[in-house]
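Residue-level structural notes
As a plain string of letters, each chain reads:
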Amino acid sequence: MQQEIGGRLSNLKALTIEEYYEAFGDTEQWLESLEQYAMQKPDHADEISGLCESLARDIPVYPVWMRIHLLSFCMKCSGELAYAELLMQEILNADYDILGEYNKYFLYWQISASTFQNTGLQSEKIELGKASLYRELRDAFYRALWVDRFSWIPAEERNFDLVFLFTSQFLQKTHAPTKTVCDRAYALQKYLGKRVVIINTTMLLPQKGDTPFYDRKQGAYLPEYCNIRRFPFRGEEFEFFQCENHMPDLNTMQMLLQKVKEEKPYCIVSIGEGDICGDLCGKIVPQIAVGTVFSEVAVTTARYQMVARDLLASDYKKLQILGTAPENVYKILFTFAFKEQEHHFNRAELGLSSNGVVLLVAGWRLKDEAGSEFLCMLEELVREKEKIEVVFMGLFEGYEQAMEGFPDLMKKSHYLPYQEDALAVTECCDIYVNPKRRGGGSSSAEALFMGLPVATLPFGDVAATAGEPFWVKDYEEMKNQICRYYQDKKFYEEMSSLAKQRAEALTDSKTHFCELFQKIEQKPDFR
């Protein structure tokens, strides 16, 4: 094996960048075969560690595109933070004459997606590295588009009744970030009387600048949305525009800058982060950013930002890099809009026991998020409590394979893939249980709305959504809390009532989002 790896690396190292890109498919298949080989070994953790060490041993002498490709493999295969941090530094240090702005923007999104899915790959060094890379790229596109030619539009010249709402991805109404876009558009138009124009820049996980990276991610895109001009939501209609799926495109970005200049919106509200197009337009009129990972400071150069928690020491460093004043970052209770419930199931229809206590674990990345420590806790729980069963709802790739090491959990669990009516399934469950992850806010809000108590670590969007009464310090305490919900009916009813009260606030965008918007617009630098 070592000899084969050495020979293959020697051959790859001799390739030009054009030849390496041409051989990318074969190289990717080779790396996949190495990962599968290591995973099949009884001591696969040691095998993977040895494999990654072999691949990275001579990393300084490889060309930069090869270093990035191999380090992305080591990061994904091993799950070790050291490889992620080394990869981040390699991307930052790469010469722009070799890897240009489009390549680095592609890599920004790839490392962002990879580290988002694995909490073990997250650190302050990674977050500050992403912020530095993004700021470099935003400044590069700023210069390329001569944004200095577009002067700031003062308040008296802007259209008080018009707001542009930028998003880097817009999908079906069941998609949580899309629901956030629609809810903010609804609040602005319904309660504040603004005419809202939704602009999907399609800047999330773009494929332009495609560069060798192991297990590459691709953003979903609905081409049919290019043909619609108005988007309906809860009785309101919004003007709508979607960019072609070849961003970042200088001509399109120039067109949007010109659109802002000519139509003079009162301000821009940006949903998400990492959207250079939206941030450049925010140099002409005020821009308010609302992150979709709302428990964290978003990577954006927006003048104002809404975040669901107090700032940490590391946030100040990040904001300094991005150029946002800390006093322009406002704490907010992040609010939600749910897709209307259309069905009412009984448990038998879902294959659940009529008298069981059903735990709900929901998400679209459960393969990465429901780690072995979390599954081990559930395994112990269902072994000790006969009536407890678990529903995994959403997307759990390799579900049966993941369950192989947890035989009791396998017998007592149910996998319900994509559900069109999530509230109807949630209604049949008793307790919402959250693994350690950054996302999950939307599904936990739906659970609270249906009166399900939550058990979550004090980390990520679910913790911010549920609030401190539902926090536990570790998985052992989570297990004990679930047992208490299971055994103490009075306690369960008290927490269920608290969940519903929390949900009332979580669905009140008129109070939380609109009032903060009105506070921000009073700032002198908003004018």
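A short tour of the structure in this document, coming up.

1. Concerning the packing of helix α20 (residues 475-487) against helix α21 (residues 489-506)
- Interaxial distance between α20 and α21 falls to 5 Å at its minimum, and their mutual angle equals 105 degrees. Comparing the axis directions of α20 and α21 gives the class roughly perpendicular. Mapping the contact onto sequence places Gln481, Arg484, Tyr485 and Gln487 in α20 and Lys489, Phe491, Tyr492 and Met495 in α21.
- Classifying every residue of the contact of α20 with α21 by side-chain character gives four nonpolar, two polar and two charged.

2. A short note on the sheet that holds strand β12 (residues 431-433)
- The five strands lie next to each other as β11-β10-β9-β12-β13, forming an open sheet whose pairing is parallel. The open sheet has two edge strands, β11 (413-417) and β13 (454-455), and neither has a second partner.
- Bridge count between strand β9 (residues 357-363) and strand β10 (residues 388-394): seven bridges; the pairing is parallel. The partner of Gly363 across the bridge, within β10, is Gly394.
- Of the strands in this sheet, β9, β10 and β12 touch helix α14 (residues 372-384), which is tilted by about 145 degrees from β10.

3. What to know about a nonpolar patch on the surface
- A cluster of nonpolar side chains, Trp364, Leu395 and Tyr418, forms an exposed patch at the surface whose accessible area comes to about 300 Å².
- Relative to the helices and strands, Leu395 is located in the loop between β10 and α15 (399-403).
- We classify Leu395 as partly exposed; its relative accessible area is 33%.

4. So, the packing of helix α3 (residues 24-39) against helix α4 (residues 44-56)
- One way to put it is that α3 packs onto α4 with a least axis distance of 8 Å and a crossing angle of 150 degrees. Taken together, α3 and α4 sit at an angle that is classed as roughly antiparallel. Of α4, the residues touching α3 (which contributes Trp30, Leu31, Leu34, Glu35, Tyr37, Ala38 and Met39) are His44, Glu47, Ile48, Leu51 and Leu55.
- Of the residues in the contact of α3 with α4, the class split is nine nonpolar, one polar and two charged.

5. Details of the sheet that holds strand β2 (residues 195-200)
- In space, the eight strands of this open sheet follow the order β3-β4-β2-β1-β5-β6-β7-β8, with mixed pairing throughout. This sheet does not close on itself; its edge strands, each paired only once, are β3 (230-233) and β8 (329-331). Neighbour to neighbour, the strand axes of the sheet diverge by 25 degrees on average, direction disregarded.
- Relative to β2, strand β1 (residues 159-167) runs parallel, the two being bridged by six bridges. Looking at β2, one finds that Thr167 is bridged to Asn200.
- Packing against the sheet, helix α9 (residues 176-190) makes contact with β1, β2, β3, β4 (236-242), β5 (265-271) and β6 (287-290), and its axis sits at approximately 125 degrees to β4.
- Along the sheet, helix α10 (residues 250-263) contacts β1, β2, β4 and β5; its crossing angle with β1, the most-contacted strand, is approximately 165 degrees.

6. Considerations on empty space enclosed by the protein
- For the structure shown, the criterion picks out one cavity of 30 Å³ or more.
- There is about 50 Å³ of room inside the largest cavity.
- Every residue along the wall of the largest cavity is listed here: Phe166, Ser270, Ile271, Gly272, Glu273, Gly274, Asp275, Asp279, Gln287, Ala289 and Thr300.
- Listing elements by their share of the lining of the largest cavity, those giving two or more residues are β5 and β6.
- Residue composition of the lining of the largest cavity, grouped by class: three nonpolar, five polar and three charged.

7. Things to note about helix α18 (residues 441-449)
- Most of α18 sits inside the fold, with eight of its nine residues counted as buried.
- Residues of α18 that are buried: Gly441, Ser442, Ser443, Ser444, Ala445, Glu446, Ala447 and Leu448.
- Count one or two residues on from α18 and you reach Gly451, which has phi positive near 85 degrees.

8. With respect to the pairing of strand β7 (residues 304-307)
- Along β7, one buried face is formed by Tyr304 and Met306 and the opposite face, lined by Gln305 and Val307, is buried too.
- With three bridges connecting them, β6 and β7 associate as parallel partners. Residue Val290 lies in a different strand from β7, and its bridge partner there is Met306.
- In terms of strand pairing, β7 meets β8 through three bridges, oriented parallel. Directly across from Met306, in β8, lies its bridge partner Tyr330.
- At this point the chain moves from β7, through helix α12 (residues 313-322), to the parallel β8, and the crossover so formed is right-handed.

9. Description of the nonpolar core
- Core analysis: the largest hydrophobic core is formed by 101 residues, its most contacted members being Phe374, Leu378, Phe392, Met478 and Ile482.
- Those residues within four positions of Phe374 in sequence are excluded, and the remaining contacts are Val361, Val433, Asn434, Pro435, Tyr475 and Met478.
- By size, the runner-up hydrophobic cluster in this structure holds 76 residues, among which are Tyr62, Leu70, Phe106 and Val147.

10. Things to note about the layout of surface pockets
- What the second largest pocket holds in volume is close to 790 Å³.
- Along the wall of the second largest pocket there are 32 residues; nearest its centre are Ser295, Glu296, Arg309, Leu312 and Gly460.
- Elements with a minimum of two residues in the lining of the second largest pocket: α8 (124-144), α12, α19 (460-466) and α21.
- At four residues, α19 tops the list of elements feeding residues into the lining of the second largest pocket.
- Here the lining of the second largest pocket is composed, by residue class, of 14 nonpolar, seven polar and 11 charged.

Basis of the calculations
- Every chain is numbered independently, its residues counted from 1 as its sequence is written.
- Whole-chain, interface and lining totals are the exception, using all residues; otherwise, since this is a predicted model, local features are given only for residues with pLDDT of at least 70 and side-chain atom pairs are given and counted only at 80 or more.
- Computation of side-chain values: all heavy atoms of the structure, hydrogens and water removed.
- To obtain each axis, a line is fitted to C-alpha atoms, and for helices this fit is confined to the stretch in contact; angles are then taken between N-to-C directions over 0 to 180 degrees.
- Secondary structure elements are defined from DSSP: runs of H or I of at least 4 residues count as helices, runs of E of at least 2 residues count as strands, and each element is numbered from the N terminus.
- Orientation is classified from the angle alone, with under 35 degrees giving roughly parallel, over 145 giving roughly antiparallel, 65 to 115 giving roughly perpendicular, and any other angle giving oblique.
- Residue contacts follow a heavy-atom distance rule, with two residues in contact if any of their heavy atoms lie within 4.5 Å.
- For this scheme, ten residues count as nonpolar: Ala, Val, Leu, Ile, Met, Phe, Trp, Tyr, Cys and Pro. Four count as charged, namely Asp, Glu, Lys and Arg, and the remainder, Gly too, count as polar.
- In this description, strands pair whenever DSSP reports at least two bridges between them.
- Patch membership is restricted to residues that have no salt bridge and whose relative accessible area is over 30%. Joining uses 9 Å for like charges and 5 Å for the nonpolar side chains Val, Leu, Ile, Met, Phe, Trp and Tyr.
- Accessible surface area values rest on a Shrake-Rupley calculation with a 1.4 Å probe, where residue burial reflects the displayed protein chains alone.
- Whenever a carboxyl oxygen of Asp or Glu lies within 4 Å of a side-chain nitrogen of Lys or Arg, that contact is scored as a salt bridge.
- Three exposure classes are used, based on accessible area relative to the maximum for each residue type with a 1.4 Å probe and protein chains only: buried under 20%, partly exposed in between, and exposed over 50%.
- Definitions used throughout: a 1 Å grid over protein atoms alone; a cavity as a set of points that fits a 1.4 Å probe which cannot get out; a pocket as an open set with protein on both sides within 12 Å along at least five of seven lines; a lining residue as one with an atom within 4 Å of a point.
- Grid points are joined across faces, edges and corners, and a volume is the space filled by probe spheres set on the points.
- Convention used here: a crossover is right-handed provided that the path from the first strand, over the helix, to the second strand proceeds clockwise when the strands point away from the viewer.
- In this description, a nonpolar core means a group of buried Ala, Val, Leu, Ile, Met, Phe, Trp, Tyr and Cys residues linked to one another through side-chain atoms lying within 4.5 Å.

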